[in-house]
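# Inside the fold
Chain residues, written in single-letter form:
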Amino acid sequence: MLTAPFPLYVRAALASDLERLAALRGAAADWIARVHGSRQWSDPYDARRGLARIGRGATVVAMPEPDGEVLAALTIRPSASSGLWTEEERACPAGYLSGFVIDRRYAGRSVGTRLTDWTRWRAARAGALVLRANVWSDNTSLHAYYRARGWQLVRTVAGSRSGSLFELPLRPPPPPPPQVHELGELPLLAEITTTP
């Protein structure tokens, strides 16, 4: 097992990654339920939705070496759900982070922090003013994790299981994260503009 710090390599997810993405999500759901008592990701993995996100270039995967095993994945989009975010909020250029999952074997090795830093940097480069995430409302441990890293709770949407809305300002723009290397073309966030 690698020790921290080690480089991370990120690339656009491929259809051939789908089985690994489903396995990561399933393992994370089991761990979250067992350790934190949350039902986050308790539904079966939606492969069709996963493939659609891959097809749009919104999902990226991270590896410890260029051709290594996928150890983490996340999706970042330039648009939000109108059922969660208001029209005024959606008018602000933002990146929307979801499906952020890390192989538990790599817990405590700064993978989450470095990938969040990379996502912040990428979103800011694309013109986003904030990075946003909607978090499962019953996953209070994840809420605490976000708050400890500077995210602000905007509100919790009643009746939505993933309706705890968080955002992180991106001004001034963060610096590029060290030891995170991009492989190939990454089309994510291409649609963000600085004028709503």
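Everything here concerns the structure above.
First things first, this report covers the structure right here in the doc. (Residues numbered from 1 in each chain as written. Predicted model: local features only at pLDDT ≥ 70, side-chain atom pairs only at ≥ 80, totals over all residues. Heavy atoms only, no water.)

## Focus: the sheet that holds strand β3 (residues 72-77)
What counts, and what does not: Here, a strand pair is defined by DSSP locating no fewer than two bridges between the strands. Elements are defined by DSSP. Helices are runs of H or I of four residues or more, strands are runs of E of two residues or more, and each kind is numbered from the N terminus. Between N-to-C directions, angles span 0 to 180 degrees; the directions come from axes that are lines fitted to C-alpha atoms, helices contributing only their stretch in contact. Contact definition: two residues touch when any of their heavy atoms are within 4.5 Å.
The eight strands lie next to each other as β6-β7-β5-β4-β3-β2-β1-β8, forming an open sheet whose pairing is mixed. The open sheet terminates on both sides in strands that have one partner only, identified here as β6 (152-156) and β8 (180-183). Direction aside, the axes of adjacent strands within the sheet are offset by 30° on average. As paired elements, strand β1 (residues 8-12) and β8 share four bridges and run parallel to each other. Directly across from Arg11, in β8, lies its bridge partner Leu183. With respect to the sheet, helix α4 (residues 111-125) is in contact with β1, β2 (59-63), β3, β4 (94-102), β5 (130-135), β7 (164-169) and β8, its orientation differing from that of β3 by roughly 25°.

## Some remarks on helix α2 (residues 47-55)
To be explicit about the condition: Burial classes: relative accessible area under 20% of the type maximum marks a residue as buried, over 50% as exposed, and values in between as partly exposed (1.4 Å probe, protein chains only). Directions from the helix axis toward the C-beta atoms define the arc. Polar contacts, as counted here, are pairs of nitrogen or oxygen atoms within 3.5 Å of one another; within protein the pair requires one atom able to donate a hydrogen and one able to accept it, and residues that are adjacent in sequence qualify only if both atoms are side-chain atoms.
Those residues of α2 that fall on the buried side of the exposure criterion are Gly50, Arg53 and Ile54. Across the axial projection of α2, the buried residues extend over an arc of 100°, all falling on one side. Those residues of α2 that are exposed and angled more than 90 degrees off the buried face are Arg48 and Gly55. In this fold, the buried residues of α2 make contact with α1 (18-36), β2, β3 and β4. Backbone nitrogen of Arg48 and a side-chain oxygen of the N-cap are separated by 3.2 Å at the start of α2; the cap is Asp46.

## So, the packing of aromatic side chains
Here is the rule: Only centres within 6.5 Å qualify two rings of Phe, Tyr or Trp (six-membered ring in Trp) as a pair; their planes then separate them into stacked at under 30 degrees, edge-to-face at over 60, and tilted for everything else. We call a charge positioned above a ring when the Lys NZ or Arg CZ atom is no farther than 6 Å from the ring centre and deviates by at most 35 degrees from the ring normal.
Applying the stated criterion across every chain, the model contains five aromatic pairs. A centroid spacing of 6.3 Å and a plane angle of 90° characterise the contact between Tyr145 and Tyr146, whose relative ring orientation is edge-to-face. A relative accessible area of 32% means that Tyr145 is categorised as partly exposed. Accessibility expressed as a relative area gives 9% for Tyr146, which makes it buried. For the pair Tyr146 and Trp151, a centre-to-centre distance of 4.7 Å together with 85° between the ring planes defines the contact as edge-to-face. For Trp151, a relative accessible area of 5% corresponds to the buried category. Each residue in the set Tyr145, Tyr146, Trp151 and Phe166 is aromatic and connected to the rest through ring pairs, giving one cluster. Note that Arg149 overlies the ring of Tyr145, its terminal NZ or CZ placed 3.6 Å from the centroid.

## Observations regarding α1
As a reminder of what qualifies: An expected span of 1.5 Å times one less than the residue number is assigned to each helix.
Helix length check: α1 (19 residues) gives 26 Å between terminal C-alpha atoms against 27 Å at 1.5 Å per residue, within 8%. Taken as a whole, α1 has its buried residues at Leu18, Leu21, Leu24, Arg25, Ala28, Ala29 and Ile32. One face of α1 carries all of its buried residues, which in axial projection span an arc of 135°. Those residues of α1 that are exposed and angled more than 90 degrees off the buried face are Glu19, Asp30 and Arg34. Buried residues along α1 sit in contact with α2, β2, β3 and β4.

## Observations concerning unusual backbone geometry
Cis geometry is adopted by the peptide bond preceding Pro172, which originates at Arg171 and carries an omega value of 0°. Summarising the element assignment, Pro172 is placed in the loop between β7 and β8. For Ser110, which is not glycine, the phi dihedral falls at a positive 65°. Inspection of the secondary structure assignment puts Ser110 in the loop between β4 and α4. Even without glycine at this site, Gln179 takes up a positive phi of about 60°. Mapping Gln179 onto the fold places it in the loop between β7 and β8.

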